[in-house]
Structures are given as structure tokens and as C-alpha cells.
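Chain residues, written in single-letter form:
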Amino acid sequence: RESNPGVWKSVRLRAYERKRIEIAMNIKPVIFGGDILAYSYARCMHEAYGVRSLVICSNDVKMVTSSKFLDAIVDHGIEDTAYLLGSHPDGEHFHGIQAFVAQVAAAGDVPVLLGSGDWYARFLCEYQDELIAACGADARCVVPYLPLEKFESIMHKDEFYAACDRAGVDRPLTFELDMSTATE
């Protein structure tokens, strides 16, 4: 090993490339929301794995809907929880996330559900068990989010910083200023 370190570097790169190919052959990123973050997620997935993400947005955001490396669906109902869960009376276009996730999984792909905003992330945290169950017993589905209780706790800056401190994770130093007793 020590006599030829370049050989070991080459082996590691090949293993990394094999892993990228294996991941790309199996995943289908499904991104909810049509903002710059959705576009960024899709771009990163395309650059890293060569996959086309599906972005589901409530409005026709041109940077998303005209992109060449992702597929986009404009569906005005995706900001309604009942609609996303398939229980909305007018679910004619999308029929809820569960139906779509089951369809992607049935095609042999592993849906990776991502939210591009706080509301979508919270939705995915809250309903991740139902969404994973929608894939069926033989399928896989990835909802890479914390349980809702943990998600809600770290949404508060002071609780997030305390969790970072407990875990030994570096964080920006912050000065807290109590303005409750300030006078004009």
C-alpha cells in the first residue's frame, strides 16, 4: 500500500463511482415546492447522480418548469394537506402523494421525497409513516426527515443551538438580546 498510494486512491474512486451508479439506478427524487431550493435540490441530484428529479410546484416558476434536467408538474393543490394526502374532494390531477409514491415505487424506483420549504418539510415530517406505508410491503421509500417532535424542537434557534452544543457540533456564535424591557 505505502509503495503505491495512487493505486489505492484509484480503487477508492472506482468504489465511489460504483456507489453513485448504484444510487442513480434506484432513486427518483420527488421535490415538493417550486422555489430556488427545489431547483437547487434537482440540480444537485442531477450533477451528483445523473438523475432527473420530479418537482411538483403550485405555480409555473420558469426556472423550474423550463429546466432541462428535471421534470415539473404544476399542481395548485399541493399546498393543501388534505389534497396531498388524497382525501381532497377534487383530487383529480394528482390524487395525493400516496398514490404517486406508490406508482413510482411500483415502477421499481425508490422515491426520495424532499420539501423545498418549511411547510413542505413539516408536512413530510408529520406524514412520513403514511407516505412510507403507501409504497407497499415490497417497496422502498425514503423520507429523509426527523420525527415531527424533533423537527419542531430544532426549528427554534435556541433549542437548535443547545442540540448542537450537546452533540459537539460547531455553530455560529450568537448574541441574544432581550428587548422585552427596552424603552424607546
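Bear in mind that the values here come from a model prediction, so they are computed numbers and not experimental data. (Residues numbered from 1 in each chain as written. Predicted model: local features only at pLDDT ≥ 70, side-chain atom pairs only at ≥ 80, totals over all residues. Heavy atoms only, no water.)

This part covers the pairing of strand β2 (residues 53-57). Among the five residues of β2, five are classified as buried, and the element is accordingly described as predominantly covered. Alternating residues of β2 divide into Ser53, Val55 and Cys57 and Leu54 and Ile56, and every residue in both groups is buried. Looking at chain direction, strand β1 (residues 27-32) and β2 are connected through three bridges and run parallel. The residue of β2 that forms the bridge with Val30 is Leu54. In this region the chain leaves β1, passes through helix α2 (residues 36-49) and returns to the parallel neighbour β2; the handedness of that crossover is right-handed. (Buried < 20%, exposed > 50% of the residue type's maximum accessible area, 1.4 Å probe, protein only. Helix = DSSP H or I, 4+ residues; strand = E, 2+ residues; numbered from the N terminus. Pairing = 2+ DSSP bridges. Right-handed = clockwise from strand over helix to strand, strands pointing away.)

If you look at the biggest cluster of nonpolar residues, it comprises 35 residues, and the most contacted ones within it are Ile97, Leu113 and Leu131. At the level of elements, β1, α2, β2, α5 (96-106), β4 (110-115), α6 (118-133) and α7 (148-154) are the ones that each hand at least two residues to this core. Broken down by element, the residue count for this core peaks at seven residues, all from α6. Ignoring sequence-local partners within four residues, the contact set of Ile97 consists of Phe32, Leu84, Leu113, Phe123 and Leu131. (Core = buried A, V, L, I, M, F, W, Y, C linked by side-chain atoms within 4.5 Å. Contact = heavy atoms within 4.5 Å.)

Right, let's talk about the packing of aromatic side chains for a bit. One pass over the structure, following the stated rule, counts five aromatic pairs. Both rings, one in Trp119 and one in Tyr120, keep their centres 5.2 Å apart while their planes meet at 85 degrees; by these two values the pair is edge-to-face. With a relative accessible area of 37%, Trp119 lands in the partly exposed category. Owing to a relative accessible area of 10%, Tyr120 belongs among the buried residues under this scheme. Among the aromatic residues, those joined into a cluster by ring pairs are Trp119, Tyr120, Phe123 and Tyr127. The ring of Tyr161 has Arg171 sitting right over it, with the charged end atom 4.4 Å from the ring centre. (Phe/Tyr/Trp six-rings, centres within 6.5 Å; stacked < 30°, edge-to-face > 60°. Lys NZ or Arg CZ within 6 Å of the ring centre and 35° of its normal.)

Per-residue confidence for the protein gives a mean pLDDT of 80, with 78% of residues at or over 70. Between the elements of the protein, mean pLDDT differs from a low of 62, seen in helix α1 (residues 5-26), to a high of 92, seen in α2. (pLDDT = per-residue confidence, 0-100.)

Summed over the entire model, instances satisfying the criterion amount to seven salt bridges. We note a salt bridge from Asp71 to Lys28, for which the minimum N-O separation is 3.9 Å. Remark: Lys28 occurs in strand β1 and Asp71 occurs in strand β3 (residues 70-74); sequence separation between them is 43 residues. What makes Lys28 buried here is its relative accessible area of 19%. Linked through salt bridges whose partners overlap, the residues forming this network are Lys28, Arg52 and Asp71. (Salt bridge = Lys/Arg side-chain N within 4 Å of Asp/Glu carboxyl O.)

The terminal C-alpha atoms of α6, which comprises 16 residues, lie 23 Å apart, in line with the 22 Å expected from a rise of 1.5 Å per residue. If you look at α6, its biggest bend is around 70 degrees, right at Tyr127. Residues of α6 that are buried: Tyr120, Ala121, Phe123, Leu124, Cys125, Tyr127, Gln128 and Leu131. (Expected span 1.5 Å × (residues − 1). Bend = angle between axes of the 7 residues up to and from the residue.)

The next thing to look at is the environment of Val64. Tracing the backbone shows Val64 in helix α3 (residues 62-65). Along the sequence, Val64 and Ala42 sit 22 residues apart, while their C-alpha atoms lie 9.1 Å from each other. The residues contacting Val64, other than those within four sequence positions of it, are Gly34, Asp35, Tyr39, Val55, Cys57, Leu70 and Ala72.

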